[in-house]
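Report on the structure
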Amino acid sequence: CAVAQPADKVEADRAGTDSLLADSINRAAQDPEFITASLLTISPGNEVYSAYGHVALLMESPSNNLSHCFTFEMGLTTGERLRYFLGTAKGQFVTIPTNTFLEQYRKEGRGVKTYRLNLLPEEEQRLWQLLDEQVERGTDWNFDVTENTCTSMTAWIVGRALSQGCSIEYHNLPEGFDGGTYRDAVDLCSENAPWAGLFWKTCIGMKGFKHPGPERMMMPVLMGNAWQDATIRNADGSERPLTTGNANELLPQVLHPKAAVITPTVAALLTVISLIIITSLIIIKKKKEKNV
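This part covers the nonpolar core. When a protein is soluble and globular, its nonpolar side chains tend to lie buried together. In terms of nonpolar packing, the biggest core is built from 54 residues, with Leu127 and Trp227 touching the most fellow members. Mapped onto this core, the elements with two or more residues apiece are β1 (36-42), β2 (54-61), β3 (66-74), α4 (121-137), α5 (150-161), α6 (182-189), α7 (194-204) and α9 (220-229). Examining the composition of this core, we find that 6 residues originate from one element, α5, more than from any other. Among the nonpolar cores identified, the runner-up in size contains 11 residues, and Leu40, Ile42, Ala56 and Cys69 belong to it.

As structure tokens, then:
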């Protein structure tokens, strides 16, 4: 028959097993392939809100068969679009299984590329943890095209995951990004989408003349190349590339951009803008008449 073990020995054995398991997990976590982090860039679509593309983060743990995309976005309902013009629209990080995320762009015919980030194992783990925390917090951010966008929020959260004293440094940016304005960035990316350029410059109004710096000016269509040329400045002053290897194409570009015409979405949104402007002018006029 089995001999009962003293309670202290059982606890000691359990503690030893837990310690070995923790050591095994820690060793696995130090493997650069335990978690991988990549920038995802999605090519432009035909809708005005997708005219400059989109970016997201791809987080994977091959040994655990995990692959999720984290994307910062605003809801695309009519109500949320209207709230954008009132300055009350909310943005948030959401997580989507990679296959599901890619399927929506495959149906649209939009190309998707990945750029592997050159992060340390502990930075990759911290990034995934920060992303999970943001998803749990939900709509905690105002969505503002000159402040909180898919590009600026992606850069922000990757920057937060870096080791203490590290920062992202940009090099070889397009002309106009050094001391340029948000309108300069819109013009740069609107050569093939003039109506999108007109729409967004109308939306941002006077904010477009600010000099926000490269992270806030960055457009999705520029971010892949910009991050390939960027470096991480370490606390000791040394630098390492922000990305490693070449871009990997997950989906080919099949979509052919429409000709520069006003789509129903553009027409509806421009109508809303016009109504807001007209209403504002009427209110101002009435106030002036009342004061007279």
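Quick look at the packing of α6 against α7 now. As a packed pair, α6 and α7 sit with axes 9 Å apart at the nearest point and diverge in direction by 170°. When the interaxial angle is binned, α6 and α7 end up roughly antiparallel. Where α6 crosses over α7, the two elements pack in a sense that is right-handed. Two secondary-structure elements touch here, α6 through Tyr182, Arg183, Val186 and Asp187 and α7 through Gly197, Lys201 and Ile204. Tallied by class, residues from the contact of α6 with α7 come to 3 nonpolar, 1 polar and 3 charged.

Relative to the helices and strands, threonine 36 is located in strand β1. Ignoring any residue separated from it by four or fewer positions in sequence, one finds threonine 36 in contact with Leu58, Met59, Glu60, Arg116 and Glu124.

Let us look at the environment of valine 221. The residue valine 221 is located in helix α9 in this model. In this structure valine 221 comes out as partly exposed when scored by relative accessible area, which is 35%. A C-alpha to C-alpha distance of 7.4 Å links valine 221 and threonine 41, two positions 180 residues apart in sequence. When residues no more than four places from it in sequence are discounted, the contact partners of valine 221 are Pro44, Tyr52, Gly53 and Cys189.

Turning our attention to the sheet that holds strand β5 (residues 112-116). If you walk across this open sheet you meet the 7 strands as β6-β4-β3-β2-β1-β5-β10, and the pairing is antiparallel. This sheet does not close on itself; its edge strands, each paired only once, are β6 (141-142) and β10 (248-251). Examined bridge by bridge, β2 and β3 share 5 bridges and lie antiparallel to one another. In the strand pairing of β3, leucine 57 is matched with phenylalanine 70. Strands in contact with helix α3 (residues 98-108) are β1, β2, β3, β4 (90-97), β5 and β10; relative to β4, the strand with the most contacts, it is inclined by about 105°. Contacts from α5 reach β1, β2, β3, β4 and β6, with the element oriented near 35° to β2.

Reading guide: rules and limits
- Residues numbered from 1 in each chain as written.
- Predicted model: local features only at pLDDT ≥ 70, side-chain atom pairs only at ≥ 80, totals over all residues.
- Heavy atoms only, no water.
- Core = buried A, V, L, I, M, F, W, Y, C linked by side-chain atoms within 4.5 Å.
- Buried < 20%, exposed > 50% of the residue type's maximum accessible area, 1.4 Å probe, protein only.
- Helix = DSSP H or I, 4+ residues; strand = E, 2+ residues; numbered from the N terminus.
- Axes fitted to C-alpha atoms, helices over the stretch in contact; angles between N-to-C directions.
- Parallel < 35°, antiparallel > 145°, perpendicular 65-115°, else oblique.
- Left-handed = near helix turned anticlockwise from the far one by under 90°.
- Contact = heavy atoms within 4.5 Å.
- Nonpolar A, V, L, I, M, F, W, Y, C, P; charged D, E, K, R; others polar.
- Pairing = 2+ DSSP bridges.

Purely geometric stuff here, so don't read any function into it on its own.
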